[in-house]
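Residue-level listing of the chains:
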Amino acid sequence: MTITNIISAIGNNSSVYPLIVRDCGIEVPTKIILTYDQNKKESKGIAYLAARERFLDEYATSAVWLGGIPLVGWICDKYIKTRGLNPKVNLKLFKEEEGIQGIDYNIKKFKDIAPDAVKDLLKAKENKKLYEKLLAGKFVASTTIPILFMGFILPKLIFASSARKIENLRKKEAEKKKTSPVSFLQKDRFYKSKDVNFTGYWIPRAANFSAQDKMAVTDGGYAIGRVATARNKNERYDLSFKMAGMMFLNFVAPKWIEKGLNKLTGVELDPVMLADKEFSKQIKEGTLKLPSAASAEELLKFIDNTENKDTLFIKYAKKFDKIKMLDNGVRDPREYVDIKKLGKFRNDIEEFAKKALKTNDFNGYLKQARIAKSANILTNVALSSFLLAYVLPKAQFAFRKLITGSDLEPGLAPAEKIVDAK
């Protein structure tokens, strides 16, 4: 994979790649270090336990995000297929868009050119209620199971493990009392280990959530679970502040930053396209083929014309998940086409081509555009990572100090170090 492809992957804010880079590569290691440094101001013993909890918590959560959600979805798809249905059929097709797309429209249009896919449409139509229930169950399973583990089971396991280590720390401090009368690690000043115990319309939308959409839903449930399982009131406030910030900075801020940077530079297209020599050649020679307009009729007319199956427009529309195509070059009738996104993609290409042809230095313009877009992506990753890995923890520590009067983790701190939050 080339550097351009890597930059392209981490710049796709609808995929999991930016999250992998920010979460596993930058955010988590930095947070572990900051957590240790913040707590060691008052206690190295607490600092070690806090950093340990952060390590276990963050990386276990990342493993569930990146592996658990897809695994549950894969298992659900296998089950749906055993019921004779294909999970690729998009439920949005049951709402007919006259003359554009819909399950009846697609069955009629593709019955001769994509018969196998049409069979899947027919089965879904004949078993609509069952199919809706199965896809709803898939969504619930692929979000609820990770939420239960990350939000409720994992923190209890970590807290129980920390409780044992705290007890050992107490014993060491008790031994020190023989020579020193002052010790803040006294019995019953931590939380007690005995407190740790284990006790319609949304379906079409939820069924077609992307991996990142499911992560956002899971993250919300995970946040609720973490707040609910907090060891005391102060930790609950602390976690609420942290989780709200994480949700915003992971799923909202990067898209806002992307829009701002794209508007600033005037470049919307992906660096992979801008680095494609055939793309630049076709623009220069005036042979680049695009739909005549961004209307649904013209877009689908262009895509469904088999003479256009090898065009760059279709090639990159497939690559960036604007459309899905079958192996024979026919549009997959089971998939719903988001006309608005596809139309914007078409207009972005046309606008870029017009600007490039107006410049005196065509090759220089393409090179600058590629560099600018790559810089936008890297800036977005760097800025959002900085906000997540440094600014948010620092803000959390300041908030914690304000409501508790201590730098220590509220769930680990001894009682006399904490001022109850009002």
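Rules used throughout
Residues numbered from 1 in each chain as written. Predicted model: local features only at pLDDT ≥ 70, side-chain atom pairs only at ≥ 80, totals over all residues. Heavy atoms only, no water. Helix = DSSP H or I, 4+ residues; strand = E, 2+ residues; numbered from the N terminus. Expected span 1.5 Å × (residues − 1). Buried < 20%, exposed > 50% of the residue type's maximum accessible area, 1.4 Å probe, protein only. Polar contact = N/O pair within 3.5 Å; in protein donor to acceptor, adjacent residues only side chain to side chain. pLDDT = per-residue confidence, 0-100. Contact = heavy atoms within 4.5 Å. Core = buried A, V, L, I, M, F, W, Y, C linked by side-chain atoms within 4.5 Å. Salt bridge = Lys/Arg side-chain N within 4 Å of Asp/Glu carboxyl O. Phe/Tyr/Trp six-rings, centres within 6.5 Å; stacked < 30°, edge-to-face > 60°.

## As for helix H9 (residues 233–251)
Look at H9: 27 Å from first C-alpha to last across 19 residues, which is about the 27 Å you get at 1.5 Å a residue. Among all positions of H9, only Asn234, Glu235, Asp238, Leu239, Lys242, Met243, Gly245, Met246, Leu249, Asn250 and Phe251 are buried. Its side-chain oxygen placed 3.1 Å from the backbone nitrogen of Asn234, Asn232 serves as the N-cap of H9.

## What about the confidence of the model for the protein chain?
Taken as a whole, the protein chain shows an average pLDDT of 83; of its residues, 81% reach a score of 70 or greater. When the criterion is pLDDT under 50, residues 180–200 qualifies, and its contacts beyond four places in sequence or with other chains add up to 43 contacts. Below a pLDDT of 50 lies the segment residues 416–422, which in the model reaches 22 contacts outside its immediate sequence neighbourhood of four places, other chains included.

## Digging into the nonpolar core
Ranked by internal contacts, the top residues of the largest apolar core, which has 32 residues, are Phe279, Ile283, Phe313, Ile323, Leu342, Ile349 and Phe352. Contributing elements (two or more residues each) for this core: helix H11 (271–274), helix H12 (277–285), helix H13 (296–303), helix H14 (312–319), helix H15 (339–358) and helix H16 (362–404). With seven residues, H15 is the single largest residue contributor to this core. Sequence-distant contacts of Ile349, that is, excluding residues within four places in its chain, are made with Leu269, Met273, Phe279, Leu288, Leu290 and Phe313. By size, the runner-up hydrophobic cluster in this structure holds 18 residues, among which are Ile80, Val118, Leu121 and Tyr131.

## A few points about the pattern of salt bridges
Oppositely charged side chains can form a pair if their charged atoms are brought close together. Inspection of the entire model under this criterion finds 17 salt bridges. The partner of Glu268 in a salt bridge is Lys344, and the shortest N-O contact between them spans 3.4 Å. Taken as a pair, Glu268 in the loop between helix H10 (253–265) and H11 and Lys344 in helix H15 lie far apart in primary sequence, 76 residues in all. Salt bridges sharing partners connect three or more residues here, namely Glu53, Arg231 and Glu235.

## Regarding the packing of aromatic side chains
Overall, the coordinates contain ten aromatic pairs when judged by the stated rule. Seen in terms of ring centroids, Phe241 and Phe399 are 4.6 Å apart; in terms of plane orientation they differ by 10°. Their pairing is stacked. One end of the pair, Phe241, is in helix H9; the other, Phe399, is in helix H16, with 158 residues separating them in the sequence. Here Tyr316 and Phe320 contribute two aromatic rings whose centre-to-centre distance is 5.9 Å and whose plane-to-plane angle is 20°, an arrangement assigned as stacked. Its relative accessible area of 21% is what places Phe320 among the partly exposed residues.

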